[in-house]
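Summary of structural features
Listed here are the chains, written in short residue letters.
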Amino acid sequence: MNKRDLIDAISDRLGDKKTATEAVNAVLETIQATVASGDKVAITGFGVFEKSERAARTARNPATGATINVPASFVPKFRAGADFKALVNGDKKK
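Anyway, here's the lowdown on the structure attached to this text. Here the residue numbering is sequential within each chain, running from 1 through the sequence in written order. Where local features are concerned, this predicted model is filtered to residues with pLDDT of at least 70; where side-chain atom pairs are given and counted, the filter is 80 or more; whole-chain, interface and lining totals use all residues. Heavy atoms from the whole structure form the basis of all side-chain values; hydrogens and water molecules are not counted.

Considerations on the side chain of Glu 50
Test applied: Secondary structure elements are taken from DSSP: a helix is a run of H or I of four residues or more, a strand is a run of E of two residues or more, and numbering for both begins at the N terminus. Partly exposed describes any residue whose relative accessible area lies between the buried limit of under 20% and the exposed limit of over 50%, with all areas from a 1.4 Å probe on protein chains only and scaled to the type maximum. Whenever two N or O atoms come within 3.5 Å, that pair is a polar contact, provided that in protein one can donate a hydrogen and the other can accept it, and provided that, for residues adjacent in sequence, both atoms are side-chain atoms. Contact criterion: two residues are considered in contact whenever any of their non-hydrogen atoms come within 4.5 Å of each other.
Among the secondary structure elements, Glu 50 is positioned in strand β2 (residues 47-54). A residue is classified by how much of its surface remains accessible, and Glu 50, at 11% relative accessible area, is buried. Here the side chain of Glu 50 touches Arg 79 through a polar contact of 2.8 Å, side chain to side chain. Excluding anything up to four places from it in sequence, Glu 50 contacts Val 35, Lys 40, Val 75, Pro 76, Lys 77 and Arg 79.

Here it is, written out as structure tokens:
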């Protein structure tokens, strides 16, 4: 499912594609801005979005074998909640 499919699924429930598009965009923009600023976004039963630091490391170019220094960076991270995990594992009904 991509973003367009998600909007279509939500518009079926809301009845209006424009409202569904605005809702999806608002949720995604809010999550991205909050995580980028360093705060967590915790949605009970679904999961937690957070900013995680990736340490600097050395890597190897597989084509040439040359060593490459990869700088430290921040990455977004998602941890699924217990209800979401149970649903994916078939332990819980929708």
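Right, picking up where we left off after that structure.
Let's talk about the sheet that holds strand β1 (residues 41-43)
Going by this rule: For two strands to be treated as a pair, DSSP must find no fewer than two bridges joining them. With axes taken as lines fitted to C-alpha atoms, and helix axes fitted only over the stretch in contact, angles between N-to-C directions fall between 0 and 180 degrees.
Pairing is antiparallel across the open sheet formed by 3 strands, whose spatial order is β1-β2-β5. Every other strand in the sheet has two partners, leaving β1 and β5 (73-80) as the edge strands with one partner each. Strand after strand, the sheet turns through a mean of 30° between neighbouring axes, direction not considered. Pairing of β1 with β2, which is carried by 3 bridges, proceeds in the antiparallel orientation. Across the sheet, residue Ala 42 finds its bridge partner in β2, namely Val 48. Against the sheet, helix α2 (residues 17-36) makes contact with β1 and β2, and its axis sits at roughly 40° relative to β2, the strand it touches most.

Examining the packing of aromatic side chains
Here is the rule: Centre distance within 6.5 Å is the pairing criterion for rings of Phe, Tyr and Trp, where only the six-membered ring of Trp is used; planes under 30 degrees apart are then read as stacked, over 60 as edge-to-face, and the remainder as tilted.
Under the defined criterion, the tally for this structure stands at 5 aromatic pairs. For the pair Phe 46 and Phe 49, a centre-to-centre distance of 6.3 Å together with 35° between the ring planes defines the contact as tilted. The partly exposed category is assigned to Phe 46, whose relative accessible area is 34%. Note on Phe 46 and Phe 84: the rings are 5.0 Å apart at their centroids and 20° apart in plane angle, and the pair reads as stacked. Note that Phe 46 is positioned in the loop between β1 and β2 and Phe 84 in helix α3 (residues 82-88), a separation of 38 residues in sequence.

Considerations on the pairing of β2
Note on strand geometry: in a regular strand, side chains alternate between the two faces of the sheet. Counting the residues that bridge the hairpin from β1 to β2 gives 3 residues, and of these Gly 45 lies at a positive phi of roughly 85°. Of the pairings in the sheet, the one linking β2 to β5 comprises 8 bridges and is antiparallel in character. Each residue of the ladder has a partner; that of Ser 52, found in β5, is Val 75.

Everything listed here is a matter of geometry and, on its own, says nothing about what the molecule does.
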